Amino acid sequence: MSVSADAHASSSTYRICSLCQKMIFDKETSRSMPRPYSTGPSSFIPEEEIVEAWSLETWAVDPQTELLLAELCSPAGRLDHLTQVMGLHPHYLQAFLRCQFYLLRRDGPLPLHYRHYIAIMAAARHQCWFLVLLHVQEFYRIGVCLEWLKGLQYANEKLRNLNDLNKILAHRPWLITKEHIEGLLKTGENSWSLAELVHAVVLLAHFHALVSFIFGSGINPDSQAPVSTYCTCELTSRSQSEEDTLLSKSPESELESLLERMRKLREEREEEEATEEEMVIRFEKEKKESLLVRSADFDDQMISPSRVSRFVEDAAFGYQDFARRGEDNPPTFRAQDYSWEDHGFSLVNRLYSDIGLLLDEKFRTACDLTYYNMASREGVDTSMLRRALFNYVHCMYGIRYDDYDYGEVNQLLERNLKVYIKTVTCYPERTTRRMYDSYWHQFRHSEKVHVNLLLMEARMQAELLYALRAITQYMT
Amino acid sequence: MEKMTRVSTVLGSASVGGKTMFCHLDAPANAISVCRDAAQVVVAGRNIFKIYALEEEGFTERLNLRVGRKPSLNFSCADVMWHQVDENLLATAATNGAVVTWNLGRPCRNKQEQLFTEHKRTVNKVCFHPTEVHMLLSGSQDGFMKCFDLRKKESVSTFSGQSESVRDVQFSMKDYFTFAASFENGNVQLWDIRRPDRYERMFTAHTGPVFCCDWHPDDRGWLATGGRDKMVKVWDMSTNRAKEVYCVQTIASVARVKWRPERKHHLATCSMMVDHNIYVWDVRRPYIPFATFEEHKDVTTGIVWRHQHDPQVLLSGSKDSTLYQHAFKDASRPVDRANPEGLCFGLLGDLAFAAKESLVAGGAEAGRKPGYPGGDRRYPIFFFKKPDVTEQFAQVASVLSVFEALGGGGGGVCGIGGGVAGGVAAGSRMDWFVETARLYLLSGKPFAELCDHNAKVAKQLNRPQVSTTWTMLRIMFSEPAHLSSSANHNMGKLGTLPLLNSFNMKDLSSGLNERNKESRQDNIHSLETNINNNDVDNEETEGSEGQAEYVFGDAELDDDDLYSMEHDNQTEEPEYTLPQEAFPLRHEIMEQPSAPEPPEKAESPHVSGSEAESACLTPSESVSLISVSQLLFPPHLPPAFFGPVVKEMLAHYAEQGDVQMAVSVLIVLGERIRKEIDDLTQEHWYTSYIDLLQRFELWNVSNEVIKLSTCAAIGCLNQTSTTLHINCSNCKRPMNNRGWICDRCHQCASVCAVCHHVVRGLFVWCQGCGHGGHLEHMRSWLRDNTHCPTGCGHLCEYT
């Protein structure tokens, strides 16, 4: 079902096929499920919707963004699909492009080809062929050290050293310790400087998060060759019962009830006072529950050869839940003790000037972006919902906000949405059209893209916080 | 307030006095606060909430407020404040949004008195009113500030910061009703506690969050703010608009700022990240901290002066789980270690040198470096601080000396750049101008070489900026291949360039003539026919009858020009598809005198400088060189790209009074830049420069400039009063049409006295007898004879 028209990530296709084959036996009748969109920027979103958004008059590009867009266009002569989809939120797109442009093209501690190679490494962790291809092309254009493209073991020692950090950051960022940082920085021929490392970390986090967005929005690869073969069985990969629960709820009631719950929460907040213990319990509950939210019964250990595997070492290392049952859990990360605004920003901006401002703007834009409407309703304050999404992602990474009542997450985010969030942030390569469709039936596509933006930024911030905290610990 | 002050002063004298000491805490501290009598300090953090007594020999733990079986989040403190009037009263801000008050007077173990959970998000700051017992203010991440009356269960008023997170709130020390709030978006607001609906005043203090603010304890109007942008700013709020009076740049984002008691201009800061030290600044000396405390191993999170009237003792808590008392006498003073001398090179090659006055006074003469050629120009600038009794800095006076790069070889002082030349050096000698005018090459070489040459000239005259400008022009407008090839050229030629150049100048015309005579003599006969043929061909197009007027010296220059025109065209044509029409006027006028002569000859003045060079200067070779390079390397950056920059640069030079530079560049760049600048400006520059040149009697240069200019108005300057009216030598009547056949008597008027043919090219005649003929014929004749070739018996004289 990974509609992955990006079936590129052939690994996932393969896996899915293997999985659903058995489903096909008992469910052969073809269901009237939506076909994936093979053309257009996204396989989840009809092309017209995106084209329409771009042609709107209101989408007035300011000159600076226009310049960036032109810069982007140059390799392919047109906008890539990612930009097109993100263009549904022009305001954000601007912040995003500026940040990415700065990271990849402007003055920075790392040489240009390193940057693209790090991007390749980061994207390859999640088998994102889209990004790998894009940056392989960029790498070619720079035209040095081309033999690195043969695979990670051909790259120089310095970049290979980074692989460990890449791996941990991508899947279990809470495991990063100052020893990792120390290992990279210790003097030697292939050591990293602090500034270079910060640049690399920002790049890694950026591209890990971007992969989430790409899979979450079902971005089609840019290659002109249409992907002709679809795994038809993917449409039936869910068990019947689950299918029914997905479709049973009438769409109207869904929106209504969500609005109702938001209203209630707002009122309750004034009255009921949850005790300390309760709050802690709620957080723990969400944390635990996120374990149960499993996107599917994928075999965690399954590794399949794929086109990107040459950039991956230790592919078996994947996401593991922050809080595993019956194990000694790492301590919860207290957001108040190490926050982006106070600590992360200061550190990153000190070591890699100006990037802090750009990231800050990007985070702010993503978090504050609102059109004051939900589905068909207008004039809704969505801040509560946005915060719930953001904090839920952080919760899965073990970051806790003292001042947040995690009961809200439970109230606002339905199970299907949680499945989607978990998949998109933790193993994005497994995202499917079905998951995308299964939540918030009435909502517009642009709103779902908005959700993806939030997930992406939350993930990026979480990774950055863990990495930067380790660097801070190293420095003191 | 009055009473309180008195009381505390009494207490102060009794108890305060301390040495540097510290104790370990069990957990990182987030904030500390000291009780009014300076005898106890409270430390609060996520996992700690304790009161320590300050004793002579060290800290002793008095009380642990963190009680209960299960630690509640209400104990997780972001901030703490001890009431300054009631010493039993404490308030904390919790990370979960609670505001808690504590009463130490409660008999039981749990001292918690009230709990306000009105904020939805982390409370960043709590602040008691300095004099009012029951008033407490809080500021939170959710964008609200709330004022609590401790006798009531709820807040009495709420102030909205428009959903921007509040980082700090501070009651004014002097204005009973005023408080300041700082925000995450960089704003600072002033509120009146009685008016919760709207702030009194708002201004943007920093870019990025303002983490802290502090009112000056004595001065009513001063507010210090510190932000993530690493600055500490002091604002004067007493006027209508908040005015920034001081600004201190630190090396990390500023987490806390506290005015130092009893010292009007001192404040202490600590940073949020990276930097662990505590600095005490004198805001009037923002570049170097007055004192530094370097004890902490991790970031300092809380600082407080132990007693509000004692400037000597500072307390601090840190993430490294220690609580320190710093005595001022143990502080390190960066000023003592700072290097009091500064040395810096300026953009224009100047050198500035600052040093303590005492040092300079002793070695003032030594400062004039003996090795420095010529006289140096010093602009001594003295900085004196007004003596201040309370001032603790050593009296400092420093001297700033500026040495200008000197005019060298040419002798005399050279101004640096046009600015100085136009202004300061106006009275001094203008040798550099003359030298430059004489030595500059404006044409006659490939573009890159011209630039190189001129750069070199400028450098020799100690005008580094001008020199650099030339070099940059070359880089901008040359193709890469061209560069390398011209570099090769230069290798061979640079040394001889000035020499070659000097041949162009008027003082050597005689020598040159000698040489030319020699070289031409050889060719003269073979060429004769050619010339005549050419004349016939040109007959139709030539309208002017002025050829005859040219004398040798001028002809030489024209030869150069011919060469240069050819050359320029060759280099430029493929690159610009330069319209030939760009030179219509020039072509006609300039070719006339020299057209009859074959190219080899045109080269000769240059080549003659050194015979060895002649090989590489032959046209055929240079042409092939250029064409090859162009085939191989197309221009990589469109020169048009630099247009605006160069235009600006020229305007700048002209503005500075160095119109010479503007015009020279204009000519050398030619078409590359001409279109960028409007004609009127160009004309203006040209006229100014020509005027200057003529004042310095640089006639040749001025003529060259006129000729090379493309402005119609300038070009016609050297055509004014150049008409020569001649009469027929037979009928003595004016000849109108052509110079050689009289309309009236239909006789050939100007017949060469040697060969008896009509002269259609250069006609030279003796002004005494009026006879003359072909230039070359006359020359050869006069080599052997002194009398007129016609036999009139006149002893002809030619100059």
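What counts, and where the lines are drawn
Residues numbered from 1 in each chain as written. Chains lettered and ligands numbered in written order. Predicted model: local features only at pLDDT ≥ 70, side-chain atom pairs only at ≥ 80, totals over all residues. Heavy atoms only, no water. Helix = DSSP H or I, 4+ residues; strand = E, 2+ residues; numbered from the N terminus. Buried < 20%, exposed > 50% of the residue type's maximum accessible area, 1.4 Å probe, protein only. Contact = heavy atoms within 4.5 Å. Areas by Shrake-Rupley, 256 points an atom, 1.4 Å probe, with all protein chains shown as cover. Pairing = 2+ DSSP bridges. Axes fitted to C-alpha atoms, helices over the stretch in contact; angles between N-to-C directions. Parallel < 35°, antiparallel > 145°, perpendicular 65-115°, else oblique. Left-handed = near helix turned anticlockwise from the far one by under 90°. Nonpolar A, V, L, I, M, F, W, Y, C, P; charged D, E, K, R; others polar. Expected span 1.5 Å × (residues − 1). Core = buried A, V, L, I, M, F, W, Y, C linked by side-chain atoms within 4.5 Å. Phe/Tyr/Trp six-rings, centres within 6.5 Å; stacked < 30°, edge-to-face > 60°. Buried area = accessible area lost by both parts, 1.4 Å probe. Salt bridge = Lys/Arg side-chain N within 4 Å of Asp/Glu carboxyl O. pLDDT = per-residue confidence, 0-100.

A count of helical and extended segments in chain B gives 23 helices and 34 strands. Taking all 799 residues of chain B together, the buried fraction comes to 51%. Across chain B, the fraction of contacts at a sequence separation of at least 24, relative to all contacts at a separation of at least 6, is 52%. Within the structure as shown, chain B displays about 36,500 Å² of accessible surface, and the carbon and sulfur contribution to it stands at 54%.

On to the sheet that holds strand S23 (residues 266–271) of chain B. All names here are of chain B. Pairing is antiparallel in the open sheet, where four strands are placed in the order S22-S23-S24-S25. Single-partner strands in this sheet number two, and they are strand S22 (254–259) and strand S25 (291–293). For this sheet, the mean angle separating the axes of adjacent strands, direction not counted, is 20°. The pairing of S22 with S23 spans five bridges and is antiparallel. Paired with Val257 across the two strands is Thr269, which belongs to S23.

Residues and elements named next belong to chain B. Where helix H8 (residues 464–477) meets helix H18 (residues 659–669), the axes come as close as 12 Å, and the angle between the chain directions of the two elements is 20°. What the angle tells us is that H8 and H18 run roughly parallel. As H8 packs across H18, the resulting crossing turns out to be right-handed. Along the contact surface, H8 presents Val466, Thr469, Trp470, Leu473 and Phe477, while H18 presents Met661, Ser664, Val665, Val668 and Leu669. Within the contact of H8 with H18, the residues separate by chemical class into eight nonpolar, two polar and no charged.

What follows covers the packing of helix H10 (residues 194–216) of chain A against helix H20 (residues 445–475) of chain A. All names here are of chain A. Contact pair H10 / H20: the axes reach a minimum separation of 8 Å and the direction vectors enclose 155°. Classified by the angle between their axes, H10 and H20 sit roughly antiparallel to one another. Seen from above, H10 lies across H20 with right-handed handedness.

Residues and elements named next belong to chain A. Over its 14 residues, helix H7 (residues 129–142) runs 20 Å from end to end, which matches the ideal 20 Å to within 8%, given 1.5 Å per residue. Where H7 is concerned, the buried positions are Trp129, Phe130, Leu131, Val132, His135, Val136, Glu138 and Phe139. Gly143 sits one or two residues past H7 and shows a positive phi near 75°.

Let us look at the pairing of strand S12 (residues 144–149) of chain B. Residues and elements named next belong to chain B. In terms of burial, S12 is largely enclosed, as five of its six residues are buried. As paired strands, strand S11 (residues 135–140) and S12 are joined by five bridges and run antiparallel to one another. By the bridge assignment, Gly139 is partnered in S12 with Met145. Hairpin geometry of S11 and S12 is characterised by an intervening segment of three residues between the two adjacent antiparallel strands and by a positive phi of about 95° at Gly143. Once S12 ends, the chain turns through five residues before running back antiparallel as strand S13 (residues 155–160).

Counting 151 residues, the largest nonpolar core has A:Met86, A:Tyr117, A:Leu162, A:Ile355, A:Leu413 and A:Leu464 as its most contacted members. Broken down by element, the residue count for this core peaks at 16 residues, all from H20(A). Ignoring any residue separated from it by four or fewer positions in sequence, one finds A:Met86 in contact with A:Tyr92, A:Leu93, A:Phe96, A:Leu210, A:Phe213, A:Leu453 and A:Met456. In this structure, B:Val457, B:Leu473, B:Leu666 and B:Leu669 belong to the second largest nonpolar core, which totals 49 residues.

Taken as a whole and assessed by the stated rule, the structure comprises 35 aromatic pairs over all chains. Ring plane angle 70° and centroid distance 5.7 Å describe the contact between A:Tyr114 and A:Trp148, whose orientation is recorded as edge-to-face. One end of the pair, A:Tyr114, is in helix H6 (residues 112–125); the other, A:Trp148, is in the loop between H7 and helix H8 (157–171), and 34 residues separate them in sequence. Of the two residues, A:Tyr114 and A:Trp148, both sit in the buried class. Ring plane angle 80° and centroid distance 6.0 Å describe the contact between B:Phe433 and B:Tyr689, whose orientation is recorded as edge-to-face. Pair noted here: B:Phe433 is in helix H6 (residues 431–439) and B:Tyr689 is in helix H20 (residues 679–695), with a separation of 256 residues, a long-range link. Residue B:Phe433 is classed as buried on the basis of its relative accessible area of 2%. Residue classification places B:Tyr689 among the buried residues on the basis of a relative accessible area of 2%. Three or more aromatic residues joined by ring pairs make a cluster, and in this case those are A:Tyr420, A:Tyr436, A:Tyr439, A:Trp440 and A:Phe443.

With 27 residues of chain B in contact, the opposing surface of chain A contributes 24 residues. Here chain B and chain A share an interface that buries about 2,400 Å² over both sides, 47% of which is from carbon and sulfur atoms. Three residues, B:Arg46, B:Arg228 and B:Met273, lead the burial of chain B against chain A; their summed loss comes to 28% of the area buried on that side. The closest approach of N and O atoms between A:Asp342 and B:Arg167, which form a salt bridge, is 2.5 Å. Looking at the side of chain B that touches chain A, its residues break down into seven nonpolar, nine polar and eleven charged.

This next bit is on the environment of A:Phe283. Residue and element names in this part refer to chain A. Position of Phe283 relative to the elements: it lies in helix H13 (residues 276–292). Sequence separation between Phe283 and Val409 is 126 residues, and the spatial gap between their C-alpha atoms is 9.4 Å. Leave out the neighbours within four places in its chain, and Phe283 touches Thr332, Cys395, Ile399, Arg400 and Tyr406.

To continue, consider the pairing of strand S24 (residues 278–282) of chain B. Successive residues of a regular strand alternate their side chains across the two faces of the sheet. All names here are of chain B. Where burial is concerned, most of S24 is hidden: five out of the five residues are buried. Burial along S24 is two-sided: the face carrying Ile278, Val280 and Asp282 and the face carrying Tyr279 and Trp281 are both buried. Bridge analysis of S23 against S24 gives five bridges, and the strand direction is antiparallel. Bridge assignment links Ala268 to a residue of S24, and that residue is Val280. Remark: six residues form the turn of the hairpin made by S23 and S24, two consecutive strands paired antiparallel; Val274 in that turn has positive phi of roughly 70°. Sheet topology note: the S24/S25 ladder contains three bridges and is antiparallel.

Turning our eyes to something else, we now look at unusual backbone geometry. All names here are of chain B. The phi dihedral of Lys230 is positive, around 70°, even though this residue is not glycine. Note that Lys230 resides in the loop between strand S19 (222–227) and strand S20 (231–236). Although it is not a glycine, Glu697 sits at a positive phi angle of roughly 60°. Locating Glu697 in the fold gives a position in the loop between H20 and helix H21 (699–708).

Let us look at the confidence of the model for chain A. All names here are of chain A. Confidence along chain A averages 74 in pLDDT terms, with 70% of residues attaining 70 or more. Confidence, expressed as mean pLDDT per element, reaches its minimum in chain A at helix H1 (residues 10–26) with 36 and its maximum at H10 with 91. Scored below 50 in pLDDT, residues 1–34 shows 73 contacts in the model against residues more than four places distant or in partner chains. Within the model, the stretch residues 295–304 combines pLDDT values under 50 with 20 contacts to residues more than four positions away or in other chains.

For the rest of this paragraph, the subject is the environment of B:Leu136. Residue and element names in this part refer to chain B. Along the chain, Leu136 falls in strand S11. For the pair Leu136 and Leu150, spaced 14 residues apart in the sequence, the C-alpha separation amounts to 7.2 Å. The contacts of Leu136, once residues within four sequence positions are left out, are Ala91, Val99, Thr101, Val126, Cys127, Phe128, Lys146, Cys147, Phe148 and Leu150.

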